[in-house]
Structures are given as structure tokens and as C-alpha cells.
Amino acid sequence: MIVTFTANPSLDRTVALPGPLERGEVQRAVSVRQESGGKGVNVSRALVASGLESLAVLPGADSDPVLAGLRESAVPFVSLPIDEPLRTNVALTEPGGVTTKINEPGPALDGNQQEALLKLLVESSRGAGWVVLAGSLPPGFPADFYATVAQRLRSSADGAAPRIAVDSSGPPLAAALTDGAEGMPDLLKPNAEELAELAAAAGFPPASGDELEADPTAAAAAAAAVVRSGVGAVLATLGSKGAVLVTADGAWLATHPPVAAVSTVGAGDSALAGYLLAHGRGAAPADCLRQAVAHGAAAASLPGSTVPAVNQTTPDAVTITALRKD
């Protein structure tokens with residue numbers, strides 16, 4: 001089983017525009033969709049859609065629309081009851097897939113609620129193969145919360161501890177790599193911009209996200225610097241350029257033929273789900289990467305934050321190229 005943890009879930013509303021976004025003007029939407037979201041929630045939705053067992057752990061009142069949406073989608077979850085409503089995020093999509101996102105901060109959780117949420121996650125993760133720590137943290141959370149969670153999961157494991165994947169950004173992502181081996185993730189899933197920040201902190205020559213996205217070899221070298229800092233593996237998504245996977249044993253690039261992009265919301269989350277899906281089936285690292293890119297491409301071709309099932313993906317269309325790590 002794969003457990004996902006979303007401390008700051010959301011109701012994701014996607015508004016499709018008939019043309020480019022025009023600031024200061026009135027535009028009429030072509031369509032509006034909404035789904036229960038947040039990075040970890042999206043990973044669980046994608047895994048369940050493909051028939052894999054997953055459990056989403058999150059805060060939220062029983063009547064909250066986010067939890068109601070999970071029930072409607074038959075996604076198993078456990079939640080910590082809170083009084084405040086969960087946030088709503090809005091994505092504006094233009095023809096061709098250009099997406100503008102407006103994310104609310106989410107409800108603040110006090111120290112007691114943070115500890116209760118952490119305990120709920122530890123209890124729910126017993127026997128899990130993977131725990132995915134994903135998304136932003138709500139107001140009031142310490143930046144190193146994910147590192148603390150990783151340490152608690154490992155110290156509380158009755159037998160083998162679950163593998164831990166982290167997909168976040170900004171201070172929570174940076175802090176996930178600063179607390180020593182016990183807090184280090186087994187897998188990181190940054191985009192190109194996040195990879196540039198992590199690699200610079202690991203001593204890699206400064207580079208922008210655009211530069212890494214345009215040069216997969218440089219992206220692999222940057223990811224290798226992060227792996228040398230103690231991370232098990234880095235799965236870095238590079239937008240339409242595909243993704244690179246770097247482990248201690250190798251580096252690979254995966255590319256997919258161009259798709260007609262509809263919405264990029266949740267494409268990275270779907271890529272992580274594809275990787276975990278293949279890993280759970282015993283696939284080799286390069287084939288885990290293959291399924292990750294197939295999932296991400298399929299997600300980008302779907303409206304809103306719709307996640308693909310595995311039978312909607314085309315892994316055979318993905319090209320894998322071995323890369324040097326340095």
C-alpha cells in the first residue's frame with residue numbers, strides 16, 4: 001500500500017478560457033471543473049484509478065467538500081477533524097495548456113493539531129511500502145516538518161520502515177534535506193526550478209530552472225549532486241522535455257512524443273504516481289521513469305486536474321536514454 005500525506009489539501013477549481021488570459025478584462029469561461037486536490041491527494045487519486053491500494057491522510061472536517069469529493073471518487077482516506085474549511089485553489093487554463101494558478105494559504109493548524117496529524121500519519125502508515133509527503137505546508141507549520149515526519153516514521157516502524165518520497169517546494173523542500181540521514185527521503189520529485197535550488201544548496205554550479213529544463217544532461221548532473229547529499233533518488237520533471245531519474249547507480253532521460261496539452265495541473269503528481277505504480281510492480285529504475293513520463297503526458301492531455309488511469313497512458317511511446325551523471 002502507498003500512503004499519501006497532504007497537510008494542505010484543497011478543492012481545485014479549473015476554469016478553462018477560450019483564449020489567452022487578458023488581465024483587467026472580463027472573460028467568459030468555456031468550462032469549469034473541480035476536484036479534491038493537493039499533491040498527495042492527486043497521487044492517491046491516480047494510484048486508485050489504476051487499481052493500486054492507496055490511503056490519503058489529510059486534515060479536514062467530515063463535511064468539507066474536499067473529503068466529500070474523495071468519497072465520491074472512492075479514494076480511501078483518514079482525516080484529522082478541524083474547524084476551519086480547507087482552501088480552494090483556482091487554475092486558469094488557456095488553449096494549448098498554459099496554466100495560471102492562484103493558491104490560497106489554507107487554514108492554520110496549531111502545535112497540538114500538527115502533532116495529532118503526525119500521529120495519525122504514523123498510525124496509518126504501518127505496513128505501507130511508500131509514504132508520499134507532498135505539497136505545501138499550512139500556515140504555522142515549521143519548514144522542517146517533512147524531515148520530522150520522516151524521522152518519526154522510521155523510528156516508529158515495527159518492522160521495515162516505509163520508503164519516503166517528498167514532493168514539495170520552497171523552504172519545506174529545502175529543509176527536507178538538512179536533518180541528516182534519518183530525515184532524508186528515498187525519492188525526491190522536483191521540477192526544474194526546484195531542482196536548480198536544491199542542486200545549488202548541494203554545491204552544484206548555479207543554474208536556472210529554464211537552463212536545466214532545456215539541457216537534460218545538466219539536469220542529470222544537478223540531480224546527481226542532490227543524490228550525493230544523501231537522497232536515495234531524484235525524479236526531476238522537465239515539462240514537455242520529459243524527466244530525468246538519477247540514482248546512485250545511474251541516470252536516465254525519458255521523453256514522450258508531444259501531446260495536445262489541455263491542462264498541466266497535477267501532471268507532476270501523476271508522474272510521481274506512475275513511478276510508484278511501476279516500482280510497486282518491481283520494474284527497473286528506467287522503466288519506473290518510463291511510466292512516470294507516460295503518466296505525466298497523459299495527465300497534461302486531460303482537463304482540469306483529472307488524473308489518468310494506467311490504461312490511458314502510453315509507456316511504449318516513451319524513449320529512454322542513459323545519461324552521464326557528471
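These numbers come from a predicted model, not from an experiment.

Undergrad: Please clarify how the environment of G60 should be interpreted in this entry.
TA: Counting through the fold element by element, G60 comes out in the loop between strand 4 (54-59) and helix 2 (65-72). Its relative accessible area of 1% is what places G60 among the buried residues. C-alpha separation for the pair G60 and T99, spaced 39 residues apart in sequence, amounts to 27 Å. Beyond its immediate sequence surroundings of up to four residues, G60 is in contact with L67, S79, L80, P81, I82 and L86.

Undergrad: Just to check I follow, could you spell out the environment of K101 for this structure?
TA: When you line up the elements, K101 lands in strand 7 (residues 99-102). Residue classification places K101 among the partly exposed residues on the basis of a relative accessible area of 47%. For K101 and G230, which are 129 residues apart along the polypeptide, the C-alpha to C-alpha distance reads 32 Å. When sequence neighbours within four positions are dropped, the list of residues in contact with K101 reads V90, A91 and V265.

Undergrad: It is not clear to me how the side chain of H256 should be interpreted in this structure. Could you clarify?
TA: Tracing the chain through its elements places H256 in the loop between strand 13 (251-255) and helix 9 (267-280). By relative accessible area, H256 is classed as buried at 17%. Side chain to side chain, H256 and T314 meet in a polar contact 2.7 Å long. Look past the residues within four positions of H256 in its chain and what remains in contact with it is V293, A294, A297, T314, A317 and V318.

Undergrad: Any chance you could explain helix 1 (residues 39-49) here in plain terms?
TA: Side chains three or four residues apart in an α-helix point the same way, a direct result of the helix having 3.6 residues per turn. With respect to burial, helix 1 is a largely interior element, eight of its eleven residues being buried. Those residues of helix 1 lying buried are G40, V41, N42, V43, S44, R45, A46 and L47. Following helix 1 by one or two positions, G51 adopts a phi angle in the positive range, close to 85°.

Undergrad: Can you help me understand the sheet that holds strand 3 (residues 31-37) in this one?
TA: The strands making up a sheet are joined through hydrogen bonds of the backbone, oriented either antiparallel or parallel. The sheet built from four strands is open, its strands ordered 3-2-6-7 with mixed pairing. The open sheet terminates on both sides in strands that have one partner only, identified here as strand 3 and strand 7. On average, each strand axis in the sheet is inclined to that of its neighbour by 20°, with strand direction left out of account. Sheet topology note: the strand 6 (residues 87-93)/strand 7 ladder contains four bridges and is antiparallel. Residue pairing across strands places L92 opposite T100, the latter belonging to strand 7. Sitting on the sheet, helix 2 is in contact with strand 2 (10-16) and strand 3, with an inclination near 90° to strand 3.

Undergrad: Any chance you could explain the packing of helix 3 (residues 111-124) against helix 4 (residues 145-156) here in plain terms?
TA: For any two helices packed against each other, the geometry comes down to the angle between their axes and how far apart the axes lie. It is at 10 Å that the axes of helix 3 and helix 4 come closest, and there the two elements cross at 45°. Judged by the angle between their axes, helix 3 and helix 4 are oblique. Note that helix 3 runs across helix 4; the crossing there is right-handed. Touching Q114, E115, L118, K119, L121 and V122 of helix 3 are F145, T148, V149, R152, L153 and S156, all from helix 4. When its residues are assigned to classes, the contact of helix 3 with helix 4 shows six nonpolar, three polar and three charged.

Undergrad: It is not clear to me how the pattern of salt bridges should be interpreted in this structure. Could you clarify?
TA: Oppositely charged side chains are able to pair whenever their charged atoms sit close together. Per the stated rule, a full pass over the model turns up seven salt bridges. Here the residues in one salt-bridge network are K39, D167 and D269, joined through shared partners.

Undergrad: Looking at this model, I keep getting lost on a negative patch on the surface. Mind explaining?
TA: Together, E193, E197, D210 and E211 make up a negatively charged patch on the protein surface. Elements represented by at least two residues in the negative patch include exactly helix 6 (192-201) and helix 7 (209-214). Its place among the elements puts D210 in helix 7. Judged by relative accessible area, D210 falls into the exposed class, the value being 66%.

Undergrad: Explain the nonpolar core to me, please; I cannot follow it from the model alone.
TA: Within soluble globular proteins, side chains that are nonpolar generally end up buried alongside one another. Membership of the largest hydrophobic core comes to 54 residues, with the highest contact counts inside it found for F5, L133, L188, L195, V226 and V234. If one sorts the elements of this core by residue count, helix 8 (residues 216-228) sits on top with nine residues. Those residues in contact with L195, other than ones at most four positions away along the chain, are P190, L212, A219, A222, A223, V226, V234 and A236. Core analysis: the second largest hydrophobic core is formed by 30 residues, W130, A134, A165 and L187 among them.

Cut-offs and rules
- Residues numbered from 1 in each chain as written.
- Predicted model: local features only at pLDDT ≥ 70, side-chain atom pairs only at ≥ 80, totals over all residues.
- Heavy atoms only, no water.
- Helix = DSSP H or I, 4+ residues; strand = E, 2+ residues; numbered from the N terminus.
- Buried < 20%, exposed > 50% of the residue type's maximum accessible area, 1.4 Å probe, protein only.
- Contact = heavy atoms within 4.5 Å.
- Polar contact = N/O pair within 3.5 Å; in protein donor to acceptor, adjacent residues only side chain to side chain.
- Pairing = 2+ DSSP bridges.
- Axes fitted to C-alpha atoms, helices over the stretch in contact; angles between N-to-C directions.
- Parallel < 35°, antiparallel > 145°, perpendicular 65-115°, else oblique.
- Left-handed = near helix turned anticlockwise from the far one by under 90°.
- Nonpolar A, V, L, I, M, F, W, Y, C, P; charged D, E, K, R; others polar.
- Salt bridge = Lys/Arg side-chain N within 4 Å of Asp/Glu carboxyl O.
- Patch = residues over 30% accessible without salt bridge, like charges linked within 9 Å, V, L, I, M, F, W, Y side chains within 5 Å.
- Areas by Shrake-Rupley, 256 points an atom, 1.4 Å probe, with all protein chains shown as cover.
- Lys, Arg positive; Asp, Glu negative; His and termini not counted.
- Charge placed at Lys NZ, Arg CZ, Asp CG, Glu CD.
- Core = buried A, V, L, I, M, F, W, Y, C linked by side-chain atoms within 4.5 Å.

Function cannot be read off these values alone, since they describe shape.
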